[in-house]
Amino acid sequence: MGNKYLTLSELNLEGQLLGFVGGEPGKYKYLQLAVPSGDVEIKLPKELRRLLSSSLVPGQKIRVCGHSKIDSRTSKIKIKAYRVTPIDACPKQDLPPQPKARIMVCQKGGCLKRGGKGLLSELEKTLCDRGLLDKVTIEHTSCQKCCGSAPNCVLHLGKKKYKNIHPEAIATLLESHLTE
């Protein structure tokens, strides 16, 4: 009589999650894993079922640590996981991407008459020369209500705001901000 399953070994498998099967959503009993030698069905312990079905997505690369057993009557191998972890989970991927810096240049009458076009072209040239043009968004705005200090240009860098600064100063601020 005795136990019909004989423990083979402990194993670590890496592959691509194909999905979950068996039971209702949140209580899936198995996960399907694509490994180089084919597809494998792995039993999940109750304590992992809900957590994994809500945190993993099909197509994600995962590592499964578990035990393999063989049925002595049918010679079928069964695998039961005790730990499942995403392979490419890097804490930095969870951080939102740093927003681009914004430069708003007034393109209304007063600013244009006082050098707004020249300011815009000088700004683009300076940023291009320093390789920063792709790291900012330049917006053409309507009146910024500061006509006395025209031409108007505002740099939004993170939570900071800089008004009426020269294109060279903007480039220097961007370089120091990006190296932080």
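For clarity, every value in this text was computed on a predicted model and none was experimentally measured.

**Describing a positive patch on the surface**
Positive charge collects at one region of the surface, where K29, K43, K46, K69, K76, K78 and K80 lie side by side. Here K78 shows up in strand β5 (residues 77-86).

**Quick look at the pattern of salt bridges**
Opposite charge on two side chains permits pairing when their charged atoms draw close. In this structure the tally under the stated criterion is six salt bridges. Two residues, D129 and K125, come together in a salt bridge whose shortest N-O distance is 3.0 Å. Of the two residues, D129 and K125 are both situated in helix α3 (residues 116-129); the distance of four residues between them amounts to about one turn of the helix. With relative accessibility at 54%, the residue K125 sits in the exposed group. With its nearest N and O atoms 3.0 Å apart, the salt bridge here joins E175 to R130. Taken together, the positions of E175 in helix α4 (residues 167-178) and R130 in the loop between α3 and β7 (136-141) put the pair 45 residues apart, joining distant regions of the chain. In this structure R130 comes out as partly exposed when scored by relative accessible area, which is 30%. The network of salt bridges with shared partners includes R130, E168 and E175.

**Observations concerning the pairing of strand β6 (residues 101-106)**
A regular strand places its side chains so that they alternate between the two faces of the sheet. Most of β6 is tucked away, with five of its six residues classed as buried. In this structure, β6 lies alongside β7, joined through six bridges in parallel fashion. Within β7, the position partnered with V105 by the bridge is H140. Looking at chain direction, β6 and strand β8 (residues 153-157) are connected through four bridges and run antiparallel. Along β8, the bridge assignment pairs R102 with H156.

Each value, and the rule that gives it
Residues numbered from 1 in each chain as written. Predicted model: local features only at pLDDT ≥ 70, side-chain atom pairs only at ≥ 80, totals over all residues. Heavy atoms only, no water. Patch = residues over 30% accessible without salt bridge, like charges linked within 9 Å, V, L, I, M, F, W, Y side chains within 5 Å. Areas by Shrake-Rupley, 256 points an atom, 1.4 Å probe, with all protein chains shown as cover. Salt bridge = Lys/Arg side-chain N within 4 Å of Asp/Glu carboxyl O. Lys, Arg positive; Asp, Glu negative; His and termini not counted. Charge placed at Lys NZ, Arg CZ, Asp CG, Glu CD. Helix = DSSP H or I, 4+ residues; strand = E, 2+ residues; numbered from the N terminus. Buried < 20%, exposed > 50% of the residue type's maximum accessible area, 1.4 Å probe, protein only. Pairing = 2+ DSSP bridges.

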